[in-house]
Amino acid sequence: MHAETDLTGKLLIALPGIGDKRFERSVILLCAHTPEFAMGIVLNKPMDGIDLHDMLDQLGVEMETSMRGVPVLEGGPVATDRGFVLHTDDVICDGTTMEVDGDICMTATRDILGIIASVVPPRQSVFALGYAGWGAGQLEAELAENAWLVCEPDSDLVFGDAFDHKWRHAMTRLGVDLSRLQAGAGNA
C-alpha cells in the first residue's frame, strides 16, 4: 500500500445513507490499514447500562481510582468480547502497545486495564469492546461508494465524552454543510 493511501491514524466519518445501521453517524479511528485489512474503533457509541467500573470489577482488576461513570464504548461489531484501550503515548506496555498515530496508541492486553485504573493512568484513554474490521479492498470500495469521509483526529474526537456531538463536530471540521447532505449521493 502506498503511503498516500494508508489511512492508519485517520478518522472515518459515516455519511448519511451508509446502508449499515451499525455505522450510522459513526466516527471511527482507523488503528491499522494495510492492503490485507483495516481495523478501527468506533468513538461515539457508548454502551448502555455498563461503565468501566463494572467492567473492571467483573474482570477482577484492582482499581486505585473510581471508574464509575466512565463509559465503555461499542468499538464495533467484530470481537465484541475483546477490549481495546486507546490511550496517549505517555504509557507504553512493552511488546503489546501499538502506535496508531502521533501520540495515540492502542493496547489490547489486560495489563493496560490496571494502568488506566491506577493513580498514574495515561493522560487520556478510552475503553471499547469490539472493533470495526474490513477485509482486503473492502474499505477502499466503501470509500469509492462515498460511504465515508476521512479527516485528521483531534483529542476531543478521540478521547472526549460528547458522544452525541462527535459526528457533527467531525463533519463541521471538514467544512461540511450538514443542511446540504443527502442520503444516497452519487458519484461524479
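The structure displayed is predicted, hence computed values, not measured ones.

Visitor: Tell me about the overall build of the chain, and name the residues and values.
Guide: Check the secondary structure of the chain and you find 5 helices and 10 strands. Its C-alpha atoms put the chain at 55 × 35 × 25 Å along the principal axes. Put simply, the chain has 188 residues, and 42% of those count as buried. Element-wise, carbon and sulfur atoms account for 49% of the exposed surface of the chain, whose accessible area totals about 9,700 Å².

Visitor: If you had to explain the pattern of salt bridges to someone new, which residues and values would you point to?
Guide: Within the structure shown, the criterion is met by 7 salt bridges. Note that lysine 21 and glutamate 24 form a salt bridge whose closest N and O atoms lie 3.7 Å from each other. A salt bridge links arginine 173 to aspartate 154, with the nearest nitrogen and oxygen atoms 3.6 Å apart. Taken together, the residues arginine 173 in helix H5 (residues 166-173) and aspartate 154 in the loop between strand E10 (148-151) and helix H4 (155-159) connect sequence positions 19 residues apart.

Visitor: Break down the environment of threonine 109 for me, citing the residues and quoting the values.
Guide: Along the chain, threonine 109 falls in the loop between strand E8 (104-107) and helix H2 (110-116). On the accessibility criterion, threonine 109 (28% relative accessible area) is partly exposed. A polar contact of 2.3 Å, which involves the side chain of threonine 109, links it to the side chain of aspartate 111.

Visitor: Could you give an account of the packing of aromatic side chains, naming the residues involved and the relevant values?
Guide: This model, assessed by the stated rule, comprises 3 aromatic pairs. Taking 5.9 Å as the distance between ring centres and 70° as the angle between the ring planes, the aromatic pair formed by phenylalanine 23 and tryptophan 148 counts as edge-to-face. Pair noted here: phenylalanine 23 is in the loop between strand E1 (11-14) and strand E2 (27-33) and tryptophan 148 is in strand E10, with a separation of 125 residues, a long-range link. The same class applies to phenylalanine 23 and to tryptophan 148, which are both buried. Ring centres of phenylalanine 84 and tyrosine 131 lie 5.6 Å apart, and the angle between their planes is 75°; this geometry places the pair in the edge-to-face category.

The rules behind each value
- Residues numbered from 1 in each chain as written.
- Predicted model: local features only at pLDDT ≥ 70, side-chain atom pairs only at ≥ 80, totals over all residues.
- Heavy atoms only, no water.
- Helix = DSSP H or I, 4+ residues; strand = E, 2+ residues; numbered from the N terminus.
- Buried < 20%, exposed > 50% of the residue type's maximum accessible area, 1.4 Å probe, protein only.
- Areas by Shrake-Rupley, 256 points an atom, 1.4 Å probe, with all protein chains shown as cover.
- Salt bridge = Lys/Arg side-chain N within 4 Å of Asp/Glu carboxyl O.
- Polar contact = N/O pair within 3.5 Å; in protein donor to acceptor, adjacent residues only side chain to side chain.
- Phe/Tyr/Trp six-rings, centres within 6.5 Å; stacked < 30°, edge-to-face > 60°.

It is worth stressing that arrangement in space is one thing and function is another; only the former is reported here.
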